[in-house]
Amino acid sequence: MPSTSIRKFDYDTNTKVLSVWFVASGKHYEFLDVPVEAYAAFKSAFAKGRHFNNHIRNRYAFRLAEGTTAGQSGD
């Protein structure tokens, strides 16, 4: 199901970085040391925003991705 809060996401199995692009802000964040099982659960979740809030947000260290600045919109 498409999400109203998450535009897209990607996962790098080598670095365990989960990249998430948000709809409202257009910002792209990278969540660090995310286990592949957590990514798989997120990927298969019916409600991506709810799953993100309940299982990823505030559980993993994160950073604003390079090239993303405050106020920058998405594509």
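Procedures and definitions
- Residues numbered from 1 in each chain as written.
- Predicted model: local features only at pLDDT ≥ 70, side-chain atom pairs only at ≥ 80, totals over all residues.
- Heavy atoms only, no water.
- Buried < 20%, exposed > 50% of the residue type's maximum accessible area, 1.4 Å probe, protein only.
- Helix = DSSP H or I, 4+ residues; strand = E, 2+ residues; numbered from the N terminus.
- Arc of directions from axis to C-beta.
- Contact = heavy atoms within 4.5 Å.
- Phe/Tyr/Trp six-rings, centres within 6.5 Å; stacked < 30°, edge-to-face > 60°.
- Lys NZ or Arg CZ within 6 Å of the ring centre and 35° of its normal.
- Core = buried A, V, L, I, M, F, W, Y, C linked by side-chain atoms within 4.5 Å.

(A) Local environment of helix H2 (residues 48-55). For H2, the complete set of buried residues consists of Lys-48, Gly-49, His-51 and Phe-52. Looking straight down H2, one finds that the buried residues subtend no more than 165 degrees of arc, so they occupy a single side. Close packing links the buried residues of H2 with strand E1 (6-12), strand E2 (17-22), strand E3 (28-31) and helix H1 (36-44).

(B) Structural view of the packing of aromatic side chains. The full count for this structure, using the stated rule, is 9 aromatic pairs. Pairing Tyr-29 with Phe-62 gives two aromatic rings, centres 5.8 Å apart and planes at 75 degrees, and the pair type is edge-to-face. Placement of the pair is Tyr-29 in strand E3 and Phe-62 in strand E4 (residues 62-64), with a sequence separation of 33 residues. If you follow Lys-8 out to its NZ or CZ, it ends over the ring of Trp-21, 4.6 Å from the centre.

(C) Representation of the environment of Leu-32 in the model. The topology assignment puts Leu-32 in the loop between E3 and H1. The class for Leu-32 is partly exposed, based on a relative accessible area of 23%.

(D) Quick peek at unusual backbone geometry. At Lys-16, a residue that is not glycine, the phi angle is positive and equals roughly 60 degrees. Structurally, Lys-16 can be placed in the loop between E1 and E2. A relative accessible area of 42% means that Lys-16 is categorised as partly exposed. Unusually for a residue other than glycine, Asn-58 sits at a positive phi of about 65 degrees. Structurally, Asn-58 is set in the loop between H2 and E4. Residue classification places Asn-58 among the exposed positions, given a relative accessible area of 73%.

(E) A look at the nonpolar core. Among the nonpolar cores identified, the biggest contains 14 residues, and Leu-18, Val-20, Phe-31, Val-34, Phe-52 and Ile-56 are the most heavily contacted of them. Elements with a minimum of two residues in this core: E1, E2, E3 and H1. Beyond its immediate stretch of four places on either side in the chain, Leu-18 contacts Asp-10, Tyr-11, Tyr-29, Glu-30, Phe-31, Val-34, Tyr-39, Phe-42 and Ile-56.

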